[in-house]
Protein chains: 2
Amino acid sequence: MQLAIVQTSPVFGKVQENVQAALELMESMPADLYVLPELFNAGYNFIEILEVERVAEQADGLTFQALLAFAQKRICYIAYGFAEKADHLYNSAALIGPSGLVGLYRKVHLFDRENLFFQPGNHGFPVFNLPFGRIGMMICFDWIYPEAARTLAIKGAQLIVHPSNLVLPYCPDAMVTRCLENRIFAATADRVGRENRGSFDLQFIGTSEIVSPSGEILARLDKDTPGIVAVNVDLQQADKKRINHYNDLIIDRKPDQYSR
Amino acid sequence: MQLAIVQTSPVFGKVQENVQAALELMESMPADLYVLPELFNAGYNFIEILEVERVAEQADGLTFQALLAFAQKRICYIAYGFAEKADHLYNSAALIGPSGLVGLYRKVHLFDRENLFFQPGNHGFPVFNLPFGRIGMMICFDWIYPEAARTLAIKGAQLIVHPSNLVLPYCPDAMVTRCLENRIFAATADRVGRENRGSFDLQFIGTSEIVSPSGEILARLDKDTPGIVAVNVDLQQADKKRINHYNDLIIDRKPDQYSR
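Residues numbered from 1 in each chain as written. Chains lettered and ligands numbered in written order. Predicted model: local features only at pLDDT ≥ 70, side-chain atom pairs only at ≥ 80, totals over all residues. Heavy atoms only, no water.

**Student:** Sorry if this is basic, but what is going on with the overall build of chain A here?
**Tutor:** If you tally the helices and strands in chain A, you get six helices and 14 strands. Relative to its length of 260 residues, chain A is compact, with a C-alpha radius of gyration of 17 Å against a globular reference of 18 Å. Dimensions of chain A, computed from C-alpha atoms along their principal axes, come out at roughly 55 × 40 × 35 Å. The proportion of buried residues among the 260 residues of chain A is 63%. (Helix = DSSP H or I, 4+ residues; strand = E, 2+ residues; numbered from the N terminus. Rg over C-alpha atoms; globule rule 2.2 N^0.38 Å. Buried < 20%, exposed > 50% of the residue type's maximum accessible area, 1.4 Å probe, protein only.)

This is how it looks when you write it as structure tokens:
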């Protein structure tokens, strides 16, 4: 399957423009699955909750409708981050395809001031079956908790889609470790640009990447330019957890020896 | 405290010479705690179990006695790997000090053909209190299981001592992730050299290193030369799990959202 990561430069609060910019990049590159950044339609650096409420959408909102039209026209799947309006506000990611919504993930590990605006997800880390493989979802800061990617691998995910808005420099290299230790693919779609709002000034690091189960960086975008890259991957490779005759990295786990 | 990693080039089966070579490196560099490689006294690439039985020692064996004499003379602590003869054979590490044995760890995740010779440890991952901090122990291939370092961090370790015989290239960079995700120090003492025995030919990668809780590589040795390096570290820095006002990397874990 053809796996694409889309690195955008959202303008704070300009939902329609941001969706349009992502679609233009997607138009330029055929793929079976596109991964977009966290909160790609909204921007990130909120000062007050009213700003979140203004851009938050239900899972079937306008952003969903715009991307669904693309998925139906191109017969493809899209994973993207958005501010979800439900019983609470969530920092969510949706996985959609030609038939509509496949599934939702609500970010479990909220980063920094996200805790002021969003409720942490409490439905765990989901894995969805698509025609070309099993797709697990996590968002940005979940990377620093090894339990997130591990949970997805244990649940059978072959690929982690990982919408992100990275500000710390560590994630791109750490995802190599995540892929190695779980023998799984990962597609981290990050944003670029800067959001300087009042006393909160954030620079995003781009460096979106696709990593293989053997820790190979199959594609990596730069740190400050919007862009898109697609790689042909065989997700079945992630089923091979055995690294030699004696070691299967998942089966050999010893949960009774670990602290929970 | 002064933390030293000792990178040796053991000769297969030559226990006395290997201990002597390590002691000579240790004599050259004062430290409060020395970390030596896995199986540093024995060599690694066993063909048959008789070879393991020949070099295996009880925890109070000759290797222990030689290192204890050094610990008493220099008033220091030493962590080292050895083949342990007990009810079974274990790939073990001992932590010793001027008063004798502080504690033992028996490798939980055996790598490749180690499974033919050793019983996996089943006493979990231990943490010991020394005058300068809380020391957790794991051995070599345990690095690829994030649960090992995580368990040590949850149990309060400030420093992971990590005797190793690395043949895969990934561990030195992965330990940066292990330290970042747990906000913990790690001292990986690896060996160098090659053991070509029959059809089993192993090249060890050296690259012993000390990494800080913020993922900084404080010291790293090269890939093919025996050596020693010491760094002054304040292990209390590992108690700071809070990376901003809202995120404490250990407290914020969500075990009910993880698969075990």
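**Student:** What's the story with empty space enclosed by the protein in this structure? I'm lost.
**Tutor:** With a probe scaled to a water molecule rolled over the atoms, the places where space remains empty come into view. Taken as a whole and judged by the stated rule, the model has three cavities of 30 Å³ or more. Estimated volume of the largest cavity: approximately 210 Å³. For the largest cavity, the lining is made up of 16 residues, of which Glu147, Arg253 and Ser259 of chain A together with Glu147 and Arg253 of chain B are closest to its centre. Within the residue set of the lining of the largest cavity, elements represented by two or more residues are α5 (146-154) of chain A together with α5 (146-154) of chain B. No other element matches the four residues that α5 of chain B contributes to the lining of the largest cavity. When grouped by side-chain class, the residues that make up the lining of the largest cavity number five nonpolar, three polar and eight charged. (1 Å grid on protein atoms, 1.4 Å probe; cavity = no way out; pocket = protein on both sides within 12 Å on 5 of 7 lines; lining within 4 Å. Points joined across faces, edges and corners; volume = space filled by probe spheres on them. Nonpolar A, V, L, I, M, F, W, Y, C, P; charged D, E, K, R; others polar.)

**Student:** Quick question: what am I supposed to make of the layout of surface pockets here?
**Tutor:** Roughly 290 Å³ of internal volume is contained in the largest pocket. If you go around the largest pocket, you meet 15 residues; those closest to its centre are Asp173 of chain A together with Asp173, Ala174, Val176 and Thr177 of chain B. Counting only elements with at least two residues in the lining of the largest pocket, the list comes to α6 (171-182) of chain A together with α6 (171-182) of chain B. Classifying every residue of the lining of the largest pocket gives ten nonpolar, three polar and two charged. Estimated volume of the second largest pocket: approximately 190 Å³. What lines the second largest pocket is a set of 14 residues, among which Tyr44, Asn45, Asp112, Arg113 and Leu202 of chain A lie closest to the centre.

**Student:** Help me understand the environment of Thr151 of chain A in this model?
**Tutor:** Its location among the elements puts Thr151 of chain A in helix α5. What makes Thr151 of chain A buried here is its relative accessible area of 0%. Separated by 96 residues in sequence, Thr151 of chain A and Asn247 of chain A place their C-alpha atoms 19 Å apart. With residues up to four places along the chain from it excluded, the contact list for Thr151 of chain A reads Phe125 of chain A together with Gln257, Tyr258 and Ser259 of chain B. (Contact = heavy atoms within 4.5 Å.)

**Student:** Got a minute to help me understand the pattern of salt bridges in this structure?
**Tutor:** As a working rule, side chains carrying opposite charge can pair if their charged atoms are close by. Applying the stated criterion to the full structure yields 32 salt bridges over all chains. We note a salt bridge from Arg178 of chain B to Glu181 of chain A, for which the minimum N-O separation is 2.5 Å. In this pair, Arg178 of chain B is assigned in helix α6 and Glu181 of chain A in helix α6, connecting two distinct chains. Since its relative accessible area comes to 1%, Arg178 of chain B is described here as buried. Arg74 of chain B is the partner of Glu27 of chain B in a salt bridge, and the nearest nitrogen-oxygen pair spans 2.9 Å. Highlighted residues: Glu27 of chain B in helix α1 (residues 15-27) and Arg74 of chain B in helix α3 (residues 62-74), separated in sequence by 47 residues. Connected through salt bridges with shared partners, the residues Arg178 and Glu181 of chain A together with Arg178 and Glu181 of chain B form a single ionic network. (Salt bridge = Lys/Arg side-chain N within 4 Å of Asp/Glu carboxyl O.)

**Student:** What is the right way to look at the relation of the copies chain B and chain A in this model?
**Tutor:** Relating one copy of the chain to the other takes a rotation about an axis and a shift parallel to that axis. You can overlay chain B on chain A at an RMSD of 0.0 Å; the transform is a turn of 180 degrees with a shift of 0.0 Å along its axis. Expressed as a symmetry operation, the mapping of one chain copy onto the other fits a two-fold axis. Across chain B, the rotation axis passes nearest the C-alpha of Pro146 of chain B, at a separation of 3.2 Å. In this assembly the copies share their binding face: 100% of the residues contributing to the interface of chain B also contribute to that of chain A. (Least-squares fit on C-alpha atoms with pLDDT ≥ 70 in both.)

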